Amino acid sequence: MWGDNTDVPGFITDLAKYLPGVADGGGAQALVLGAGGSARAVVYALARAGWQVCIAARRVEQGQALAE
């Protein structure tokens, strides 16, 4: 059995399309609202691309877990 997730590549592709030149990070900053499943993919994608990411979540514990 094989599983895959397309959230990360899909997000990065759209980011590069709508914000050319910043998708690769290079010290760019992002604020992610929420800490659920979609936010996890977005935070992972941004951090992997070199962005500085700030997370704002209603549930502090969930936001902290995502930040770690």
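How each quantity is defined
Residues numbered from 1 in each chain as written. Predicted model: local features only at pLDDT ≥ 70, side-chain atom pairs only at ≥ 80, totals over all residues. Heavy atoms only, no water. Helix = DSSP H or I, 4+ residues; strand = E, 2+ residues; numbered from the N terminus. Contact = heavy atoms within 4.5 Å. Core = buried A, V, L, I, M, F, W, Y, C linked by side-chain atoms within 4.5 Å. Buried < 20%, exposed > 50% of the residue type's maximum accessible area, 1.4 Å probe, protein only. Patch = residues over 30% accessible without salt bridge, like charges linked within 9 Å, V, L, I, M, F, W, Y side chains within 5 Å. Areas by Shrake-Rupley, 256 points an atom, 1.4 Å probe, with all protein chains shown as cover. Salt bridge = Lys/Arg side-chain N within 4 Å of Asp/Glu carboxyl O. pLDDT = per-residue confidence, 0-100.

**Let's talk about the environment of G26**
So, step 1. Tracing the chain through its elements places G26 in the loop between α1 (7-18) and β1 (29-33).
So, step 2. G26 sits 26 residues away from Q52 along the chain, and the two C-alpha atoms are 9.0 Å apart.
So, step 3. When residues no more than four places from it in sequence are discounted, the contact partners of G26 are A49 and G50.

**Notes on the nonpolar core**
So, step 1. Grouped together as the largest cluster of nonpolar side chains are 11 residues: L15, A28, A30, V32, A35, A39, V42, V43, L46, W51 and L66.
So, step 2. Contributions of two or more residues to this core are made by β1 and α2 (37-48).

**Here's the deal with a nonpolar patch on the surface**
So, step 1. A surface patch of nonpolar side chains, about 290 Å² in accessible area, is lined by Y18, L19 and V22.
So, step 2. On the secondary structure map, Y18 appears in helix α1.

**Side note on the confidence of the model for the chain**
Low-pLDDT stretches of the model should not have their predicted coordinates read in fine detail.
So, step 1. Model confidence for the chain is summarised by a mean pLDDT of 88, while 96% of its residues fall at 70 or above.
So, step 2. Per-element averaging of pLDDT across the chain places α1 at the bottom with 88 and strand β2 (residues 52-56) at the top with 95.

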